[in-house]
Amino acid sequence: MQEYSRCLRRQGKRIGLVPTMGYLHEGHLSLVRRSVRENDKTVVSVFVNPMQFGPREDFKKYPRAFKRDEEMLRRSGVDVLFYPSSKAVYPEPYYTTVNVEYLTEPLCDRSRPGHFRGVTTVVAKLFNITTPDSAYFGRKDAQQAAVIKKMAVDLNMGIKIVTMPIVREKGGLAMSSRNAYLSEEERRDAAVLYEALALAKGMIKKGRRSSGEIKDAMRGLIRKKKTAKIDYIEIVNEDTFKNISRPTGKVLIALAVYIGRTRLIDNIRLKAGYYQ
Ligand code: PAF
């Protein structure tokens, strides 16, 4: 892969990379389409990265459907499907990791310690192997995208990090490979993540400015669902991920909620102009 990428670069070709863990959905395909539009060659990686899963998380049962993914990518005009083995990515003994400080500390890392270190390590490796000009990430994983952007800048990677809007199902549920775990009842309940975000947005639109009050209202709504258990609800500055007590400026409202045993995340961004 690395030799091929270097060869493309010598020919002056622009390379776009879409890193994924497979079990592709419309969210991934929106990234793929953008990369195909903007680059001469698009590489999609499919690798379920063991380093970003905690010991009690779902690495083993993470949904995998390689043939289906391959077919979807073939139809989307992707040039290269890169699907390395774990052994190739992490040759034994493996000692090196990449860690972004501060931005990784709030939100998801609290309940998934070490998760972002696993993400940045594998993404740095994928960048080194595929040598992209641009790499594409979805905004459902808003913290992940911010952390990767920071890594690319801090380590002078010279790679443009492009982020794309969340793609939602009809009821508002953000598309995610993990939605495959949900039973019918859970899928109905899972719509509450987006409903809670919409409620928060509506309250802010009406002039409510207490993050505490808004989060309480979101909690109240989510707790009505039998299968839902809140991991976190946060209202943070979109750049620093620091909590803010009064939403103003560029704000991210983010939440993680267990629906049954499945942990789902979602968020909305409010731009500075939203409050007028
Ligand atoms: O968002 C994902 O699917 C993964 O975290 C990524 C970026 C492919 C790294 O394994």
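The structure we're discussing is the one just above.
In this text the structure is predicted, and so the values were computed from the model without any measurement. Within each chain, residue numbers correspond to sequence positions counted from 1 in written order. Reporting in this predicted model follows two pLDDT cut-offs: at least 70 for local features of residues, and 80 or more for side-chain atom pairs to be given and counted; totals over whole chains, interfaces and linings ignore these cut-offs and use all residues. Just so you know, side-chain values use all the structure's heavy atoms and leave hydrogens and water out.

> Go over the sheet that holds strand S6 (residues 228-237) with me, naming the residues and quoting the values.
Hydrogen bonds between backbone atoms are what pair the strands of a sheet, whose relative direction is either parallel or antiparallel. Taken in spatial order, the 3 strands of this open sheet run S6-S7-S8, and their pairing is antiparallel. Each edge of the open sheet is held by one strand with a lone partner, namely S6 and strand S8 (262-270). Between one strand axis and the next, the sheet turns by 15° as a mean value, whatever way the strands run. The criterion for strand pairing is that DSSP finds at least two bridges linking the strands in question. Helix and strand definitions follow DSSP, with helices as H or I runs of at least four residues and strands as E runs of at least two, each counted in order from the N terminus. Note: S6 against strand S7 (residues 251-259), 9 bridges, orientation antiparallel. Bridged to Ile235 within S7 is Ile253. The criterion used for residue contact is that any of the two residues' heavy atoms lie within 4.5 Å. Axis angles are defined between N-to-C directions and span 0 to 180 degrees, where every axis is a line fitted to C-alpha atoms and, for a helix, only to the segment in contact. Helix-sheet contacts for helix H9 (residues 211-223) involve S6 and S7, and the interaxial angle to S6 is about 155°.

> I'd like a description of the sheet that holds strand S1 (residues 15-20), backed by residues and values.
Sheet architecture is open: 5 strands sit in the order S3-S2-S1-S4-S5, paired in parallel fashion. Of all the strands in the sheet, just strand S3 (80-82) and strand S5 (160-164) have a single pairing partner and so form its edges. For this sheet, the mean angle separating the axes of adjacent strands, direction not counted, is 25°. In this structure, S1 lies alongside strand S2 (residues 41-46), joined through 6 bridges in parallel fashion.

> Explain the packing of aromatic side chains to me, using residue names and the numbers behind them.
Only Phe, Tyr and Trp rings take part, Trp by its six-membered ring, and two of them pair if their centres are within 6.5 Å. Stacked means planes under 30 degrees apart, edge-to-face means over 60, and tilted covers everything else. According to the stated counting rule, one finds 5 aromatic pairs in the structure shown. When the ring of Phe53 is compared with that of Tyr62, the centres are 5.8 Å apart and the planes differ by 75°; the resulting orientation is edge-to-face. Each member of the pair Phe53 and Tyr62 is classed as buried. Note on Phe66 and Tyr83: the rings are 4.4 Å apart at their centroids and 45° apart in plane angle, and the pair reads as tilted. Of this pair, Phe66 sits in helix H3 (residues 66-75) while Tyr83 sits in the loop between S3 and helix H4 (86-89), and the two are 17 residues apart along the sequence. Judged by its relative accessible area of 28%, Phe66 is partly exposed. The rings of Phe47, Tyr90 and Tyr94 are connected pair by pair, giving a single aromatic cluster. Accessible area is worked out with a 1.4 Å probe on protein chains only. A residue is then buried under 20% of its type maximum, exposed over 50%, and partly exposed in between.

> Go over the site of the ligand, please, and point to the residues and values.
For the ligand, the full set of nearby residues is Pro19, Thr20, Met21, Asn49, Gln52, Val119, Val122, Phe137 and Gln144. Gln144 places a side-chain nitrogen or oxygen 2.7 Å from an oxygen atom of the ligand. If the ligand stood free it would expose 290 Å²; the protein chains cover 88% of that surface. If you list the elements that add at least two residues to the shell around the ligand, you get S1 and helix H6 (115-130). Looking at side-chain class alone, the shell around the ligand contains 5 nonpolar, 4 polar and no charged residues. Proximity criterion: a residue is near a molecule or strand once any of its heavy atoms comes within 4 Å of it. Distance and chemistry together define a polar contact, namely a pair of N or O atoms within 3.5 Å, with one atom able to donate a hydrogen and the other to accept it when in protein, and with adjacent residues in sequence counting only for side-chain atoms on both sides. Here, Shrake-Rupley sampling with a 1.4 Å probe gives the accessible areas, and only protein chains in the shown set may cover a residue. When residues are grouped by polarity, Ala, Val, Leu, Ile, Met, Phe, Trp, Tyr, Cys and Pro land in nonpolar, Asp, Glu, Lys and Arg in charged, and all others, Gly among them, in polar.

Keep in mind these numbers describe shape, not what the thing actually does.
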